[in-house]
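Coordinates in review
Chain by chain, the residues run as shown.
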Amino acid sequence: MCHMTRNPFFSTMATIEHLTNAQLRVSLVDVHRKIADLQSQLAVLRAEEMTISDALDSIVYPVLSLPREMTSEIFLRYMESLGDPYSPRPTPLVLASVCKHWREVALNCPRLWPAMTAPYSPSDPQILLNVLR
């Protein structure tokens, strides 16, 4: 037995219990038509998505065309420009999170990583111990 729940897809607010077999079949056909319409719309949107994605993939960003050695040197000079390596500042992880290319450059630049600082408070050495665990 059906519950007395109202189905928002029926144009009338009748409950399923009160619909005849013919009405239920008509409603089912209508739902199938709506699903087909939505699937068609989804196919159009997916094609549009692919077109936009292809256009984005074809863009050449000049900064990404630099040799890796030059990019890593820029990263090193940037980190050096921030001053005291022990004061709070962005870490190489920030550079590595920009894009795949920068991540590869940053992770393959060992000179960049000594610049990374761990949070430490002389008044609470437990902070550093928690990070190192």
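The coordinates are above.
Analysis parameters
Residues numbered from 1 in each chain as written. Predicted model: local features only at pLDDT ≥ 70, side-chain atom pairs only at ≥ 80, totals over all residues. Heavy atoms only, no water. Helix = DSSP H or I, 4+ residues; strand = E, 2+ residues; numbered from the N terminus. Buried < 20%, exposed > 50% of the residue type's maximum accessible area, 1.4 Å probe, protein only. Contact = heavy atoms within 4.5 Å. Areas by Shrake-Rupley, 256 points an atom, 1.4 Å probe, with all protein chains shown as cover. Expected span 1.5 Å × (residues − 1). Arc of directions from axis to C-beta.

1. Describing the overall build of the protein
Of regular secondary structure, the protein possesses five helices and zero strands. The burial tally for the protein puts 17% of its 133 residues in the buried class. Taking the contacts inside the protein whose residues are at least 6 apart along the sequence as the reference set, 39% of them involve residues at least 24 apart. Surface accessibility of the protein: about 10,600 Å² in total, with carbon and sulfur atoms responsible for 64%.

2. Thoughts on helix 2 (residues 68-81)
Between its first and last C-alpha atoms helix 2 spans 20 Å; for 14 residues at 1.5 Å apiece the expected length is 20 Å, and the two agree. Where helix 2 is concerned, the buried positions are Thr71, Ser72, Phe75, Leu76 and Met79. Taken end-on, helix 2 shows its buried residues confined to a sector of 140°, consistent with a single buried face. Of the exposed residues in helix 2, those oriented more than 90 degrees away from the buried face are Glu69, Arg77, Glu80 and Ser81. Buried residues in helix 2 make contact with helix 3 (92-96) and helix 4 (100-107). Where helix 2 terminates, the next one or two residues include Gly83, which has phi positive at roughly 95°.

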